[in-house]
Amino acid sequence: MGVYKSPIKYLSGKAMDIISTIDDAYLIIDDEGRVADFGPMDSAPEFPAGADVEDLSGSFVFPAFADPHTHIVYAGSREQEFVDKIHGLSYVEIAKRGGGILNSADRLHQTSEDELYETAMERLLRAVEGGTAAIEIKSGYGLSTEDELKMLRVIRRLKENAPIAVRANFLAAHAFPRNYANDHDGYVDLIVNEMLPEVAAQGLADFVDVFCDTGFFTVEQTARILEAGLKYGLKPKIHANELECSGGIQVGVEYGALSVDHLEHTGEEECEALMGSHTMPTLLPGAAFFLGMPYAPARRMIDFGLPVALASDCNPGSSPSISMKFILSLASIKMRMTPIEALNAATVNAATALGLAGEYGQICKGMKANIVITKPMPSFAYFAYSYTENLISRVIVNK
Ligand code: NIG
Ligand code: FE
């Protein structure tokens, strides 16, 4: 499934529910890890002697996932806040008490770069086992120049050593640190005047991000940061409309964001703004599930004609899971996306949200082979339906 004659960039609207498939197919991967050929089994060439041939009868083979929104570099876990939430506190109330992102920032400050690298690499390798072949990783638990650079250096090491493609997103604008609690614009000044020039000089980021939402960064502050980032060639990929209709979608589109992410609060006006733009709406149902908050209106967005991508949002506060398979299940169960729409959203569209359009998320001759092989299943829909079953038998990644 997901096989194409030439690379495609993304699928939107009704096309999201279509996937190019060959029943009873062969697939040849060459010594360099590229897709050499594929087609129906009855037209398969003679396999050369010594070739490693595997019979995958009953299995499904589809493109590996791209995960275009994660925060996998973090220290410690936040299950105490999870319990606080069970007792009735909201995500915003926990953040106001100094928990949340600031709690993770304190712990990150006390943790060595080596330890951050080891724990993040462990999560990344679990993502690969779960079928992910390209991943975006954000900073944003540093919140000071020193600690943001520390996080980005960890991401650079992951990029160099991981078996999959990694892209770094600079998210100092994730929360206001305590020393700027009463001087929000002062923190934006610090990001624009001190952090961004240093991040750019050291080539530590591919993208720039802002948590544009009520109680966090305003539309004006977001615009300032995006504009400054663009001067250094950093494309925006931002957090928008998670908590309220924040204007985040519009400001992202205005600055040519690669993606706007979360979008739990998206209405007609926001869909209009996205339509005709090159910005990929990226939905994170893991966060809505974990926080018990409303889901993004995926069905309405697709019916409107938009593309959507999916991501894990793996982080210790709002989505402590790296499983893209579970994200596909949530997309189908909670957002009424068909299993095929969910697969397209997590592969071809997700690669585009990651700045890897036409390079990942599809099976195409000449392209690096990044594929998931399932255990035998009765149909593809079974993959999302059987939502806790490990149905992945093997993942092949090549970067
Ligand atoms: O994508 N919404 C903002 N940021 C993260 C949560 C980070 C945290 O709570 O540590 C998110 O959900
Ligand atoms: Fe996030």
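Residues numbered from 1 in each chain as written. Chains lettered and ligands numbered in written order. Predicted model: local features only at pLDDT ≥ 70, side-chain atom pairs only at ≥ 80, totals over all residues. Heavy atoms only, no water.

**Comments concerning the site of ligand 1**
In plain terms, the rule: Residues are labelled near a given molecule or strand when at least one of their non-hydrogen atoms is within 4 Å of it. Pairing of N or O atoms within 3.5 Å defines a polar contact, subject to two protein rules: one partner must be a possible hydrogen donor and the other a possible acceptor, and residues neighboring in sequence count only if both atoms are side-chain atoms. Only the protein chains shown count as cover for residues, and the accessible areas themselves come from Shrake-Rupley with a 1.4 Å probe. In this classification, the charged set is Asp, Glu, Lys and Arg, the nonpolar set is Ala, Val, Leu, Ile, Met, Phe, Trp, Tyr, Cys and Pro, and all remaining amino acids, among them Gly, are polar.
Y91, Y141, H174, E242 and S318 are the nearest of the 15 residues found near ligand 1. One of the side-chain nitrogen or oxygen atoms of H239 is found 3.1 Å away from an oxygen atom of ligand 1. The separation between an oxygen atom of ligand 1 and a polar side-chain atom of S318 is 2.5 Å. Within the complex, the protein chains bury 100% of what would otherwise be the 330 Å² of accessible surface of ligand 1. Within the shell around ligand 1, the residues separate by chemical class into four nonpolar, eight polar and three charged.

**Observations concerning the pairing of strand 7 (residues 165–173)**
Which entries qualify depends on this criterion: Think of it in three bands: residues with accessible area under 20% of the maximum for their type are buried, residues over 50% are exposed, and the middle band is partly exposed, with areas taken using a 1.4 Å probe on protein chains only. Counting from the N terminus, the helices are DSSP H or I runs at least four residues long and the strands are E runs at least two residues long. DSSP calls a pair of strands paired once it identifies at least 2 bridges connecting them. We call a crossover right-handed when, viewed with the strands running away from us, the connection from the first strand over the helix to the second turns clockwise.
Among the nine residues of strand 7, eight are classified as buried, and the element is accordingly described as predominantly covered. Looking at chain direction, strand 6 (residues 132–138) and strand 7 are connected through five bridges and run parallel. Bridge pairing links K138 to N169 in strand 7. Looking at chain direction, strand 7 and strand 8 (residues 207–212) are connected through three bridges and run parallel. Along strand 8, the bridge assignment pairs N169 with F207. Crossover handedness for the path strand 7 to helix 6 (residues 184–201) to strand 8: right-handed.

**Remarks on the packing of aromatic side chains**
To keep things clear, this is the line we draw: In this scheme Phe, Tyr and Trp rings, the latter by its six-membered ring, pair at centre separations within 6.5 Å, and the angle between planes marks the pair as stacked below 30 degrees, edge-to-face above 60, and tilted otherwise. Note on criteria: charge over ring means Lys NZ or Arg CZ within 6 Å of the ring centre, with the direction from the centre no more than 35 degrees off the ring normal.
Evaluated as defined, the whole model comprises 13 aromatic pairs. Ring centres 6.3 Å apart and planes at 55° place the aromatic pair F60 and F380 in the tilted group. One end of the pair, F60, is in the loop between strand 3 (35–40) and strand 4 (61–63); the other, F380, is in the loop between strand 14 (371–374) and helix 15 (381–385), with 320 residues separating them in the sequence. F380 sits in the buried class, given a relative accessible area of 7%. An aromatic cluster is built from F60, F62, F65, F380 and F383, whose rings are joined through pairwise contacts. The ring of Y74 has R123 sitting right over it, with the charged end atom 3.6 Å from the ring centre. Directly above the ring of F207 sits K237, whose terminal nitrogen or CZ lies 6.0 Å from the centroid.

**Some details on the sheet that holds strand 6**
The following threshold applies: Residue contacts are defined here by distance: any two heavy atoms, one from each residue, within 4.5 Å place the two residues in contact. Fitted lines through C-alpha atoms serve as axes, helices being fitted only where they are in contact, and the angles separating the N-to-C directions of these axes extend from 0 to 180 degrees.
Strands sit in the order 5-6-7-8-9-10-11-12 across an open sheet of eight strands; the sheet is parallel. Unpaired on one side and paired on the other, strand 5 (65–67) and strand 12 (309–310) mark the two borders of the sheet. Pairing of strand 10 (residues 259–262) with strand 11 (residues 280–283) involves three bridges; the strand directions are parallel. Residue pairing across strands places D261 opposite T282, the latter belonging to strand 11. Each of strand 7, strand 8 and strand 9 (235–240) is contacted by helix 7 (residues 219–231), which is oriented at about 175° to strand 8, the strand it contacts most.

**Observations concerning the side chain of T222**
Looking at where T222 falls in the secondary structure, it is placed in helix 7. With sequence-adjacent residues up to four places away left out, T222 is seen in contact with V210, C212, F217, I238 and V251.

**Section: the domain arrangement of the protein chain**
In many reports, interface size means the accessible area that the parts give up when they come together. Operational definition: For the purposes of this description, domain bounds are those given by an automatic or database domain assignment. Buried surface area refers to the total accessible area, computed with a probe of radius 1.4 Å, that the two partners give up upon joining, counted for both partners together. Salt bridge, as applied in this entry: a Lys or Arg side-chain nitrogen positioned within 4 Å of an Asp or Glu carboxyl oxygen.
Once the domains are mapped, the protein chain shows domain 1 (24–62 + 365–396) and domain 2 (65–353). Taking the mean C-alpha position of each, domain 1 and domain 2 sit 32 Å from one another. Taken residue by residue, the interface counts 14 residues in domain 1 and 15 residues in domain 2. In total, about 1,100 Å² of surface goes out of reach between domain 1 and domain 2, with carbon and sulfur atoms giving 79% of it. For domain 1, the biggest contributors to the area lost against domain 2 are F380, A384 and Y387; these three give 42% of the whole. In this assembly, domain 1 and domain 2 are joined by zero salt bridges.

**Remarks on the pattern of salt bridges**
Taken as a whole and assessed by the stated rule, the structure comprises 13 salt bridges. Between E54 and R394 there is a salt bridge, with its nearest N and O atoms 2.4 Å apart. Linking E54 in the loop between strand 3 and strand 4 with R394 in strand 15 (residues 392–396), this pair joins segments that are 340 residues apart in sequence. You can call E54 partly exposed: its relative accessible area is 45%. The residue D189 makes a salt bridge to R224 at a minimum N-O spacing of 2.9 Å. With a gap of 35 residues between them, D189 in helix 6 and R224 in helix 7 connect regions that are remote in the sequence. Assessed through its relative accessible area of 32%, D189 is described here as partly exposed.

**Points about the nonpolar core**
The condition is simple: For our purposes a nonpolar core is just a set of buried Ala, Val, Leu, Ile, Met, Phe, Trp, Tyr and Cys residues, chained together by side-chain atoms within 4.5 Å.
Residues L124, F170, Y187, L310 and M337 are the most contacted members of the largest nonpolar core, which totals 119 residues. At eight residues, the largest contribution of residues to this core is made by helix 6. The residues that make up this core include at least three from each of domain 1 (24–62 + 365–396) and domain 2 (65–353). If sequence neighbours within four positions are ignored, F170 has contacts with S139, E148, L152, I191, M195, L196, V199, A205, F207, V208 and D209.

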